Amino acid sequence: MSANPQLTDDGRLRHLLTLEGLPARILTQILDTAASFLTVSEAERDVKKVPLLRGKAIFNIFFENSTRTRTTFEIAAKRLSADVVNLNINASSQSKGETLLDTVANLSAMQADMFIVRHAAAGASHLIARHVAPHIHVINAGDGRCAHPTQGLLDMFTLRHYKGAFHNLRVAIVGDVLHSRVARSQIHALTTLGCPEVRVVAPKTLLPRDVENLGVHVFHKMSEGIRDVDAVLMLRLQNERMRGSRLPSAGEYYKHWGLTPDKLKLAKPDAIVMHPGPMNRGVEIDSAVADGMQSVILSQVTFGIAVRMAVMSLLAGSGATGAQS
Amino acid sequence: MKILIRNGRVVDPASGLDAVRDVFVAAGHIVGVGQGPSDFHANQVIDAGGLVVCPGLVDLSVRLREPGLEYRATLESEMHACAVGGITSLACPPDTDPPLDEPGLVEMLKFRAKHMPGPRVYPIGALTRQLAGERLTEMAELNEAGCMAFSQADAPMVDTQVLLRAMEYAKTFELPLWLRPQDPHLAREGVAHDGVIAARLGFPTIPVPAETVALSTILLLVRETRARVHLARLSSRAGIEMVRRAKHDGLPITCDVGVHHVHLSEMDTADFNANCHLIPPLRSQRDRDAIRHGLEDGTIDAICSDHAPVDDDAKELPFQEADPGATGVELLLPLTLKWARETGLPLVKALAYLTQHPARILGVDAGVIAAGRPADLCLFDPDAAWIVSPSNLASLGKNSPYLGLEMQGRVQYTLIDGHLDFRRDGSTRALTTPDETPAMPILPSLGIIVRMA
C-alpha cells in the first residue's frame, strides 16, 4: 500500500477519505475543533457565521441521492462563509457518458477549492483525490459500502459528548454491517480512539466474512449483543434488503434485531441510542426508543454540522494545509 | 533463411537440457542443437552469449480483442506485444464481439494473424452459440476451421444439462473443453475476494465457493463423461485441493493459473488500484501460497498471462466499476522468473510451465528445443532489469499492477517459425503481402525485419 493519501508529508490532513489509518491525534483534533464550533451553531446566536472559508468554492458532488448529508454539508459550508454549489450528477453529466474524472476536471477548472463527494462505488473519492490539483481538498461523503468518515466522526463526537471518553466504553453496532459504510467508519474510529470493546450484532447474512479482523466482537443475538453496553449504534436497513435472500421479512428482522424498549433494558441504564438516519420506525427501531429518553438521534444531526465545519476548516481554512499553495 | 544462435545457454524443459550450446535453424525448423548439419552456412548469426535460449512461450489465454473490441487493442498491436514477450504460440478465448462461434470468424482471425509477424494463433471456439450457454456450436466444423478446444470464456454456463451434453458431444470428437469454474449466482455482482480487504472496504464479493461449487459440478461431470477438460485460472486453495484429488483419481484434467495470481493477493487491492481488479479475484495470501504449492507439486500444469488489455477510460474508475483484467504478455516471463528466483526453482523446471506443459495442453508441436522441431525460440537476458511503464509496454493495454516497478529478465530475440519476429535492438514489424518477393530479410539500418512468405 502507498503512503496515506489523506495526509500531507508533514502529517496534516489534506483530504478526508476514510477514518481507517488516520492517527488518533487527528481524530481528536477534529472533535475538539467541532466542540468550538458548536457555539456558532447554537440557536440563540444571531449571526451563525464565521468567515473562515470566505471566498472558497465548495462543490457538493453527489453521484448518489442524498438530502440529509448534502444539506448538512451545505449548512456547514455556509456557516463558514464559503460559496457552495450543489451538483446532483445522476441527472446531468454521467447520463451523458462523461467519466467521473472528466466531471471532476471540469469542476476543477471552475476554480473549486473543495469537493464533497458521494458515490455508489468504494474508493471513488480516493480516485478523485489522486487526480485533483494539490490545492483542492476532497471530503468523502459516502463511497459505496466503504466509508462515511464525517458520519463516523459525528458519532464519535456524540459518544464523547455524552460519555466523556472512549477508553471505558462498550459499544454495540446493530444491523446491516455488511452494506454499511457508516458501520465501517464507526468501527475504525472506535478502535483508533481506544474503545476497548466494539461489538457488531446482526444475522450472518448482514455481516462481512472475516469481520472479526476489524477488531470487533461478533454477536448474532440482540439479547447477548447489547447486554451491558454503554451505547447502541443502530444502522439503517435499506428497503430492498428487507425481503429476499438475506432476510425473509421486515417483520422477522424487527422481532430479532429491532431495538425495542424491552431489549434496550438489557443495556446499561444510562446507555444512549444513536442512529445515522433516516430511520425505519418499526423495522430497526421502535418509535418508543427513537423518541425516548435514551435517544440522542437529533443531537447527532446538530453535532453533524459542527463536525463538518471542523473538517472543512481544518482542510481549507486559513492556516490549514494546502491553503497557502 | 539459416540462422545460427551461438553460445546461448540452452534451457529445454522437455529434455532437461541446461547447457551452453549452439542452435542451428533452417527453413523454419531447428536442424541441430550443439552440432549443426555439415553443410550449414548461416545467413545470420545471433550472438547469444549471456542469454538464455528457451522454447518460445506458449500462452494459454491472450485476449487479442479482435474481432469487435479494437478500441482496446488490435490484433497487430497485441501480436507484436506477444513477440516482445517471447510468446510464439497463443490460445485466444472466444469472448470477442461477435464471439468465435462460427467457422468463418475463426478462419478470418487465423487468416489475419497468419499474415502478420507474431505468434501462432490458436483460437478457442465458443462452446455455445453467442456464449449464451444454451445451444452447442458446430464443434466439428469449428475444429476443422482451426479450433483446438472449446470454451465459454468468462460467460456463465447456467444450465448443467447443457454442460453435460457439451462434454458428451466434445468427447465424441475427442475435443477438449476449457472451462473456468465460477458459479454465476455466487459470483453475482462481485468484484473481490470475500476476505479481510472486502470486509474493510466493503467490496461486493466473489466468495471461494463460487469457484469450488462450479468446480465440483465440472469434476462430477468429467467423472461421468470422461471428457477431457482443462480448468482455466484457478484462484483458491480449496479449488486447487479438489483438482489435486481429482488428478489423483485419474480424471483427464489439466489446469492453469494466471501469472499475476502467483504473486499478488487481496492485499494488493487495499488501495483501490483498479489494475489489481482481476477475474478471478486476487484472493488471500493463503490462497496465493496454495497456488505456488500447486505449481510445485504438479497439480497446476501451466502459467498463462491471462492477457486482457483494457483502455484507460475503462480502468480510471472506482475499483468495482473498472473493467477487470491486466496486460500480461510482456510480464509472463519476468514474473515467472521472479517466482522461480523466490522459490529457488531451477530455470529448466520453471520454464516448463510456460513451454512444454502448455504446448501439451494445447496439443501443438511447440515448447521443445530439438532437431526437427519448429524453430520457435525465445532468447532472453535473465539479468536485464527494466521498469514497467506505459512506454515500456508494446501492448496497447497499459493496465498493469506492476506499473512503476522493476522486472528482472527481458526478451532480446523471438524467433517464430524460423523468422526473427522480434529483436530488442530494433523495431521489428512488417506485414507480409502474398506477392512479396523474398528479399533481404533484415535491413540493419532500419532494424526492420521483413517476413518472407
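Residues numbered from 1 in each chain as written. Chains lettered and ligands numbered in written order. Predicted model: local features only at pLDDT ≥ 70, side-chain atom pairs only at ≥ 80, totals over all residues. Heavy atoms only, no water.

Considerations on the interface of chain B and chain A
Part 1 of the reasoning: Counting residues at the interface gives 19 residues for chain B and 25 residues for chain A.
Part 2 of the reasoning: Taking both sides of the interface into account, the surface hidden between chain B and chain A amounts to around 1,900 Å²; carbon and sulfur atoms contribute 57%.
Part 3 of the reasoning: Of all residues in chain B, the largest losses of buried area upon contact with chain A belong to A199(B), R200(B) and F272(B), amounting jointly to 31% of the total for that side.
Part 4 of the reasoning: Scanning the region where chain B abuts chain A turns up one salt bridge. (Contact = heavy atoms within 4.5 Å. Buried area = accessible area lost by both parts, 1.4 Å probe. Salt bridge = Lys/Arg side-chain N within 4 Å of Asp/Glu carboxyl O.)

What to know about helix α6 (residues 208–225) of chain B
All names here are of chain B.
Part 1 of the reasoning: Taking 1.5 Å as the rise per residue, α6 with 18 residues should run 26 Å; its terminal C-alpha atoms sit 26 Å apart, in good agreement.
Part 2 of the reasoning: Of the residues making up α6, those classed as buried are V208, A210, E211, T212, A214, L215, I218, L219, L221, V222 and T225.
Part 3 of the reasoning: Where α6 ends, the next residue or the one after it, R226, has phi of about 60°, a positive value. (Helix = DSSP H or I, 4+ residues; strand = E, 2+ residues; numbered from the N terminus. Expected span 1.5 Å × (residues − 1). Buried < 20%, exposed > 50% of the residue type's maximum accessible area, 1.4 Å probe, protein only.)

Examining the pattern of salt bridges
Close approach of charged atoms allows side chains of opposite charge to pair.
Part 1 of the reasoning: Evaluated as defined, the whole model comprises 33 salt bridges over all chains.
Part 2 of the reasoning: Among the salt bridges present, the one from R200(B) reaches E20(A), with a minimum N-O distance of 2.3 Å. Here R200(B) is found in helix α5 (residues 196–201), whereas its partner E20(A) is found in the segment before α1 (24–41) on a different chain.
Part 3 of the reasoning: Residues D297(B) and R244(B) are paired through a salt bridge, measuring 2.8 Å at the closest nitrogen-oxygen approach.

A word on the state of the cysteines
Part 1 of the reasoning: All chains considered together, the criterion is met by zero disulfides over all chains.
Part 2 of the reasoning: Sulfur of C146(A): no disulfide; nearest cysteine sulfur belongs to C276(B) and is 16 Å away.
Part 3 of the reasoning: Free of any disulfide, C378(B) has its nearest cysteine sulfur in C54(B), 4.1 Å distant. (Disulfide = S-S within 2.5 Å.)

Quick notes on the nonpolar core
Part 1 of the reasoning: Within the largest apolar cluster, 92 residues are counted, with the highest numbers of intra-cluster contacts made by L153(A), L159(A), I173(A), L190(A), L259(A) and M312(A).
Part 2 of the reasoning: With twelve residues, the top contributor of residues to this core is helix α11 (residues 297–316) of chain A.
Part 3 of the reasoning: Membership of the second largest hydrophobic core comes to 89 residues, among which are A81(B), L234(B), I253(B) and L333(B). (Core = buried A, V, L, I, M, F, W, Y, C linked by side-chain atoms within 4.5 Å.)

A short note on the sheet that holds strand β6 (residues 57–59) of chain B
Residue and element names in this part refer to chain B.
Part 1 of the reasoning: In space, the three strands of this open sheet follow the order β6-β7-β8, with parallel pairing throughout. Two strands bound the open sheet, and with one partner strand each, they are β6 and β8 (120–123). Direction aside, neighbouring strands of the sheet carry axes that sit 15° apart on average.
Part 2 of the reasoning: Across the sheet, helix α2 (residues 103–114) touches β7 (87–92) and β8, and the angle it forms with β8 is around 170°. (Pairing = 2+ DSSP bridges. Axes fitted to C-alpha atoms, helices over the stretch in contact; angles between N-to-C directions.)

With respect to the confidence of the model for chain B
Residues and elements named next belong to chain B.
Part 1 of the reasoning: For chain B, per-residue confidence averages 93 on the pLDDT scale, and residues scoring 70 or more make up 94% of the total.
Part 2 of the reasoning: Residue range residues 427–453 is modelled with pLDDT below 50. Its contacts to residues more than four positions away, or to other chains, number 54 contacts.
Part 3 of the reasoning: Scoring the predicted complex yields pTM 0.91 and, for the interface, ipTM 0.90. (pLDDT = per-residue confidence, 0-100.)

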